[in-house]
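Overview (structure and organization)
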Amino acid sequence: MNWYVVYTKPKWEKKVAEKLTQIGVECYCPLITQVKQWSDRKKKVEVPLFNSYVFVQLSEIDRNSVFNVPGVVRYLFWLGKPAIVRDEEINIIKSSLKAANVSDITVASIQVGDRIKLESGAFSNQDAIVQEVSKTHYILVLESLGCVLKIKYK
């Protein structure tokens, strides 16, 4: 059975995960603890690590059963097919969240103007500025080398 990514309505991740569990679907909604501040108090609350995403493990035949749960919008797709997450990746997320030295985790998408450090490939350890983000590619400016790099998705 594969792990798939279900896209939910905003702020429905925990409710969807609970309902999926009730109907017998194996699911995982990674949660982190954050301190939220209101005008009169501070409180520790558990919030989803990935906004609007819940991981579900089921067979290809049973994929449509998740749509019986209120709050489920659609599956996340990659290259025209439902995105499949490997067991190792789910286990890495679980073990990372259990680590004692984790104090604050945020997940952010790459946006135009962000400064990033390339970690692999011919330009590893180079700093770059994101100039363009599209569905098919990134365009990065490598100031130290005086060039523009276009990275296409496969």
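Here's what I pulled together on the structure shown here. (Residues numbered from 1 in each chain as written. Predicted model: local features only at pLDDT ≥ 70, side-chain atom pairs only at ≥ 80, totals over all residues. Heavy atoms only, no water.)

As for the packing of aromatic side chains
Under the convention used in this document: For this analysis, a ring pair means two rings from Phe, Tyr or Trp (six-membered ring only for Trp) whose centres lie within 6.5 Å, classed as stacked if their planes differ by under 30 degrees, edge-to-face if by over 60, and tilted for the remaining angles. A run of H or I in DSSP becomes a helix once it reaches four residues, and a run of E becomes a strand once it reaches two; helices and strands are each numbered from the N terminus. Three exposure classes are used, based on accessible area relative to the maximum for each residue type with a 1.4 Å probe and protein chains only: buried under 20%, partly exposed in between, and exposed over 50%. Criterion for a charge above a ring: Arg CZ or Lys NZ at most 6 Å from the ring centre, at most 35 degrees from the ring normal.
Tallied over the entire structure, the rule returns 5 aromatic pairs. Measuring from ring centre to ring centre gives 5.8 Å for tyrosine 4 and tyrosine 75, while their planes differ by 75°; the resulting arrangement is edge-to-face. Residue tyrosine 4 is found in strand β1 (residues 2-8), and its partner tyrosine 75 is found in strand β6 (residues 72-75); the two are separated by 71 residues along the sequence. We note that tyrosine 4, like tyrosine 75, is buried. Relative to phenylalanine 55, the ring of phenylalanine 50 lies with its centre 5.8 Å away and its plane at 90°, an arrangement referred to as edge-to-face. Each member of the aromatic cluster is reached from another via a ring pair, and the members are Tyr4, Phe67 and Tyr75. Stacked on the ring of tyrosine 4, the Lys or Arg arginine 63 has its end atom at 5.6 Å from the ring centre. The ring centre of tyrosine 75 lies 4.8 Å from the NZ or CZ of arginine 63, which sits over that ring.

Remarks on helix α1 (residues 13-22)
Counted only if it meets this: This arc describes the spread of directions from the helix axis toward the C-beta atoms. For this analysis, residues touch if any pair of their heavy atoms sits within 4.5 Å.
Regarding α1, the residues found buried are Glu13, Val16, Ala17 and Leu20. Viewed along the axis of α1, the buried residues span an arc of 100°, placing them on a single side of the element. Lining the buried residues of α1 we find β1, β2 (26-28), β4 (42-48), β5 (53-58) and β6.

Digging into the pattern of salt bridges
Two side chains that carry opposite charge are able to pair once their charged atoms sit near each other. What counts, and what does not: By definition here, a salt bridge exists when the distance from a side-chain nitrogen of Lys or Arg to a carboxyl oxygen of Asp or Glu is within 4 Å.
Under the counting rule described, the total for this entry stands at 5 salt bridges. The residue glutamate 60 makes a salt bridge to arginine 63 at a minimum N-O spacing of 3.3 Å. When its relative accessible area of 51% is taken as the criterion, glutamate 60 is described as exposed. For glutamate 88, the salt bridge identified is with arginine 86, shortest N-O distance 3.1 Å. If you follow the salt bridges from partner to partner, you end up with Arg86, Glu88 and Glu89 in one network.

Let's talk about the nonpolar core
Inclusion rule: Buried residues of nine kinds, namely Ala, Val, Leu, Ile, Met, Phe, Trp, Tyr and Cys, make up a nonpolar core once their side-chain atoms join them within 4.5 Å.
Residues Leu20, Val54, Val56, Leu58, Val66 and Tyr75 are the most contacted members of the largest nonpolar core, which totals 15 residues. Counting residues per element, the ones that place at least two in this core are β1, α1, β5 and β6. Residues in contact with tyrosine 75, not counting those within four places in the same chain, are Tyr4, Val5, Val6, Val56, Leu58, Arg63, Val66 and Phe67. Judged by nonpolar contacts, the second largest core, of 12 residues, contains Ile32, Leu49, Phe50 and Phe55.

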